[in-house]
Amino acid sequence: MKTKQFLNGAMDLAGKSYQLKYNIRAIVLFEKLSDKPFTLACTSDWVIFLYAMLLSGAHGATQEATITFDDFVDAISQQQMKQAIAWTREQMENEAEAV
């Protein structure tokens, strides 16, 4: 079985590469998608936020360059999710240090 990769915010899903972006747009998208204030308290929060970061990274791209939420959930592996969460936490720590 081929291992799915995650490196520096780039994620391969369903044969396509996506760039995650940790920014205000991703946080706002999370709140719109989840219909609640931004918090990362459970697995579903993380999945929604990772998807929101994917959409933020694809902002301005064609619709074909994005993936539906259901397809995202089906395509992401546990390993990719762990790597993406670790990367996101690192981005959050870097931002906190800069403030």
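Computed from a predicted model, the values in this text were never measured in an experiment.

Draft legend 1. Fine view of the packing of helix H1 (residues 24-34) against helix H2 (residues 43-57). Between H1 and H2, the shortest axis-to-axis distance is 8 Å and the interhelical angle comes to 130°. Judged by the angle between their axes, H1 and H2 are oblique. By crossing handedness, the relation of H1 to H2 is classed as right-handed. Contacts between H1 and H2 involve Arg-25, Ala-26, Ile-27, Leu-29, Phe-30, Leu-33 and Ser-34 on the former and, on the latter, Asp-45, Ile-48, Phe-49, Tyr-51, Ala-52, Met-53, Leu-55 and Ser-56.

Draft legend 2. Just H1, in detail. For H1, every residue scored as buried is listed here: Ala-26, Ile-27, Leu-29, Phe-30 and Ser-34. Mapping the buried residues of H1 onto a view down its axis gives an arc of 160°, with all of them on the same face. Exposed side chains of H1 directed beyond 90 degrees from the buried face belong to Ile-24 and Lys-32. Where H1 is buried, its residues contact H2.

Draft legend 3. Up close: the side chain of Ser-56. Inspection of the secondary structure puts Ser-56 in helix H2. Note on Ser-56: relative accessible area 4%, which makes it buried. Residues within four places of Ser-56 in sequence aside, it is in contact with Lys-21, Asn-23, Arg-25, Ala-26 and Leu-29.

Draft legend 4. Looking closely at the packing of H2 against helix H4 (residues 78-98). Where H2 contacts H4, the axes come no closer than 11 Å and their chain directions differ by 75°. Relative to H4, H2 is oriented roughly perpendicular. Residues Thr-43, Trp-46, Val-47, Phe-49, Leu-50 and Met-53 of H2 form the contact with H4, whose participating residues are Met-81, Ala-84, Ile-85, Trp-87, Thr-88, Arg-89 and Met-92.

Criteria and cut-off values
Residues numbered from 1 in each chain as written. Predicted model: local features only at pLDDT ≥ 70, side-chain atom pairs only at ≥ 80, totals over all residues. Heavy atoms only, no water. Axes fitted to C-alpha atoms, helices over the stretch in contact; angles between N-to-C directions. Helix = DSSP H or I, 4+ residues; strand = E, 2+ residues; numbered from the N terminus. Parallel < 35°, antiparallel > 145°, perpendicular 65-115°, else oblique. Left-handed = near helix turned anticlockwise from the far one by under 90°. Contact = heavy atoms within 4.5 Å. Buried < 20%, exposed > 50% of the residue type's maximum accessible area, 1.4 Å probe, protein only. Arc of directions from axis to C-beta.

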